[in-house]
Amino acid sequence: MAEVGNVACTERRWKIPIFVFFEDIRNVFKFDDLGMEILRIAFPAALALAADPIASLIDTAFIGHLGSVEIAAVGVSIAIFNQASKVTIFPLVNITTSFVAEEDTVRRISEKEAKADLEKGKEEKNKVQLVLTDDTDNEKTEAKETTLAPEFKTTKCESLDNQSKCKLKRVKRHIPSASTAILMGCILGLLQTIFLIFLAKPILSLMGVKSDSPMLSPAKKYLTLRAIGAPAVLLSLAMQGVFRGFKDTRTPLYATVAGDLTNIILDPIFIFVFHWGVSGAAIAHVLSQYLISIILLCKLITEVDLLPPSAKDLQFSKFLKNGFWLLARVIAVTFCVTLAASLAARLGTTQMAAFQVCLQIWLTSSLLADGLAVAGQAILASSFAEKDFQKAKAAGVRVLQMGFVLGFGLAMVVAIGLYFGSGVFSKDKNVIRLIIIAIPFVAGTQPINSVAFVLDGVNFGANDFAYSAYSMVLVGALTITSEFVLSKTNGYIGIWIALTIFMVLRTFAGLWRMGTGTGPWRFLRIPPMSSEAKS
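Residues numbered from 1 in each chain as written. Predicted model: local features only at pLDDT ≥ 70, side-chain atom pairs only at ≥ 80, totals over all residues. Heavy atoms only, no water.

## With respect to the overall build of the protein
Formally: Numbering of helices and strands runs from the N terminus; a helix is a DSSP stretch of H or I covering at least four residues, while a strand is a stretch of E covering at least two. In this scheme, a residue with accessible area under 20% of its type's maximum is buried, one over 50% is exposed, and one in between is partly exposed, where area comes from a 1.4 Å probe on protein chains only. Contact definition: two residues touch when any of their heavy atoms are within 4.5 Å. For every accessible area listed, the method is Shrake-Rupley and the probe measures 1.4 Å; residues are considered covered only by the protein chains on display.
Helix and strand counts for the protein stand at 18 helices and five strands. Going through the 535 residues of the protein one by one, you find that 48% of them count as buried. Considering only intrachain contacts with a sequence separation of at least 6, the fraction spanning at least 24 residues in the protein is 80%. Looking at the protein as shown, the accessible area adds up to about 26,400 Å², and 65% of this sits on carbon and sulfur atoms.

If you want it as structure tokens, here you go:
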């Protein structure tokens, strides 16, 4: 009876998928095959994500020596450019990563099957069709070329009695999603360039830079020149999505570091030696982006056949369908954060200054978690394509557990850093006081934030784009309501309470599918077969 009870408990536990999050929790940082695969992808990805903000900070420091008008003008222009890019970059990169990972996995499965067929053919010589040719005294044969897979073809056999030495010649991989992503990156980049160049003045006006403002001229110059680099930005990020799909995050890291170092070197030369001012800063940034694109493209063309056999191989409809869902999600997230900043600005300059410092730290600390999200997405997309649901479950659980532990580490670093280092950001005692007041929210939410960001990668890896979108829209609606209510009743603190609610709801929505065993996680509701049942 006791054994029956234990079996029943085990089955009930497996039928409640929420328990999966606590599975093998002691192995969260175990350096097994899965752990090492995650770290090999996550660590370079996190460094690549961190490289750009660091370069931007150095860029800002150089521009700051030009004067307060210039730094303010460039700040507005960068905000516009980043917002315009965000709505296209986020959907394009994440869709590309998942689709490329799936197609590359299918390609590898096809490759394994082709090799298996070849081995089988070696064992069954009587089934191999050979065309015999005579060459003086030596009997030689030439095998008909046999199509095995898009990536392989047979070469000549050495002899009739040694057919097993037929060799396979590797050619470039054919990944339709890679070709589609690069083409879409170019198109979206050109559209963004046209949009920002011709509408620079009206957009700046909407941002508060009016025609009589001294910021208008430098802001317009910087925004127009940065817009020329939009195709390079979109193209490079599309290619980064391709490499992430291949589980290669080192190549994007090397390219990003090379580009950012170029930007840092050219900045003082163009700004101070050539006396180009803000235009020089923009030109340096644009050149660095095109350098990143060239490096990535040169590497990619050695691995992938970027010219599809026909236009039918391109997957525009698939990209646009899922891109629409992610676009809705990006808008919902961006609106919540932007509204919070707007409400803080209405409270006064002191509150806004403190809020902006805390917000940047709050968001920047997510970069390490984003590295885990990239790893989770790539591994999960491959596992689902292989129908290896056990690895999908193990990878999803491991990256979430690692993200949660990472969040606690970030909470300690952020809390100590803000408490003792807030004076670095401002000398105003009132601003410093408000920064310290926000520490419980900025630091305390780090574990929640880390899990939320990792969950993005988990759900994207499972191709659950539609759920990710409409759940975030619902979370956004609830957050917007709480922001208005709490900012009126609790002011500055109320805004941070609302943002905490936002991240809690976002995490809950992300956990829902896996925790309830619905959508692509339905397999979690199926209890494992007992040994008796198997026998």
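Let us keep going from here.
## Overview of the nonpolar core
Soluble globular proteins tend to bury their nonpolar side chains together. Spelled out, the test is: Nonpolar core, defined: a set of buried Ala, Val, Leu, Ile, Met, Phe, Trp, Tyr and Cys residues in which side-chain atoms within 4.5 Å join the residues together.
Ranked by size, the top nonpolar core spans 68 residues in total, and within it Phe355, Val442, Trp496, Met514 and Trp521 carry the most contacts. Counting residues per element, this core draws most heavily on helix 17 (residues 465-516), at 11 residues. With residues up to four places along the chain from it excluded, the contact list for Trp496 reads Phe355, Cys358, Leu359, Trp362, Ala438, Phe441 and Val442. Counting 31 residues, the second-largest nonpolar core is a separate cluster that includes Val76, Ile89, Ala230 and Phe319.

## Some thoughts on the confidence of the model for the protein
The condition that has to hold: What pLDDT conveys is the predictor's confidence in a given residue, as a value from 0 to 100.
Per-residue pLDDT for the protein averages 81, and the proportion of residues at 70 or more is 84%. Low pLDDT, under 50, characterises residues 1-14; the predicted model gives this stretch eight contacts beyond four residues in sequence or across chains. Across residues 530-535, where pLDDT falls below 50, the model places one contact with residues more than four positions away in sequence or in other chains.

## Notes on a nonpolar patch on the surface
Where we set the bar: Like-charged residues within 9 Å of one another, or nonpolar side chains (Val, Leu, Ile, Met, Phe, Trp, Tyr) within 5 Å, are grouped into patches, provided each residue has over 30% relative accessible area and no salt bridge. By definition, a salt bridge exists where a carboxyl oxygen of Asp or Glu is found within 4 Å of a side-chain nitrogen of Lys or Arg.
Taken together, the side chains of Val257, Leu261, Ile265, Ile269, Val273, Phe274 and Trp276 define a hydrophobic patch exposed on the protein surface, amounting to about 620 Å² of accessible area. We classify Ile269 as partly exposed; its relative accessible area is 31%.

## Focus on the pattern of salt bridges
Summed over the entire model, instances satisfying the criterion amount to 10 salt bridges. Notably, a salt bridge pairs Arg107 with Asp104, separated by 2.9 Å at the nearest N-O pair. Within this pair, Arg107 and its partner Asp104 are both found in helix 3 (residues 68-123), separated by three residues, close to a single helical turn. Assigned by exposure class, Arg107 and Asp104 land together as buried. Across the pair Arg506 and Asp456 runs a salt bridge, and its minimum N-O distance is 2.9 Å. Here Arg506, found in helix 17, pairs with Asp456, found in helix 16 (residues 446-461); they are 50 residues apart in sequence, far enough to count as distant. Salt bridges sharing common partners tie together Asp104, Arg107, Arg108 and Glu386.

## A short note on the packing of aromatic side chains
Centre-to-centre distance and the angle between the planes together describe a pair of aromatic rings. Rule in force here: Two rings from Phe, Tyr or Trp (for Trp, the six-membered ring) form a pair when their centres sit within 6.5 Å of each other. Planes less than 30 degrees apart are called stacked, planes more than 60 degrees apart edge-to-face, and all others tilted.
Enumeration over the complete set of coordinates arrives at 20 aromatic pairs. Arranged with centres 6.5 Å apart and planes meeting at 65 degrees, the rings of Phe62 and Phe272 form a pair that is edge-to-face. Note that Phe62 is positioned in helix 2 (residues 33-64) and Phe272 in helix 8 (residues 250-273), a separation of 210 residues in sequence. For Phe272, a relative accessible area of 33% corresponds to the partly exposed category. A ring pair is formed by Phe324 and Trp325, whose centres lie 5.7 Å apart and whose planes are at 65 degrees; its orientation type is edge-to-face.

## A short note on the packing of helix 4 (residues 176-198) against helix 7 (residues 230-245)
Quick note on the threshold: Angles shown run from 0 to 180 degrees and are taken between the N-to-C directions of axes, each axis being a line fitted to C-alpha atoms and, for helices, limited to the stretch in contact. The cut-offs work like this: below 35 degrees is roughly parallel, past 145 is roughly antiparallel, 65 to 115 is roughly perpendicular, and the gaps in between are oblique. Rotating anticlockwise by less than a right angle from the far helix to the near helix defines a left-handed crossing, while the corresponding clockwise rotation defines a right-handed one. Gly is put with the polar residues, along with every residue not named as nonpolar or charged; the nonpolar set is Ala, Val, Leu, Ile, Met, Phe, Trp, Tyr, Cys and Pro, and the charged set is Asp, Glu, Lys and Arg.
For the pair helix 4 and helix 7, interaxial distance at closest approach is 7 Å and the crossing angle is 160 degrees. In this view, helix 4 runs roughly antiparallel relative to helix 7, as classed from their interaxial angle. Crossing handedness for the pair helix 4 and helix 7: right-handed. The residues of helix 7 that touch helix 4, namely those facing Ala178, Ala181, Ile182, Gly185, Cys186, Leu188, Gly189, Leu190, Gln192 and Thr193, are Ala230, Pro231, Leu234, Leu235, Ala238, Met239 and Val242. A per-class count over the contact of helix 4 with helix 7 returns 13 nonpolar, four polar and no charged.

## What about unusual backbone geometry?
With glycine set apart, most residues show a phi of negative sign, and most peptide bonds adopt trans. Here Lys387, not a glycine, exhibits a phi torsion of approximately 60 degrees, which is positive. With respect to the secondary-structure elements, Lys387 resides in the loop between helix 12 (367-386) and helix 13 (389-421). Judged by relative accessible area, Lys387 falls into the exposed class, the value being 62%. Residues other than glycine seldom take positive phi values, yet Asn463 does so here, at roughly 60 degrees. Structurally, the position occupied by Asn463 is in the loop between helix 16 and helix 17. You can call Asn463 partly exposed: its relative accessible area is 31%.

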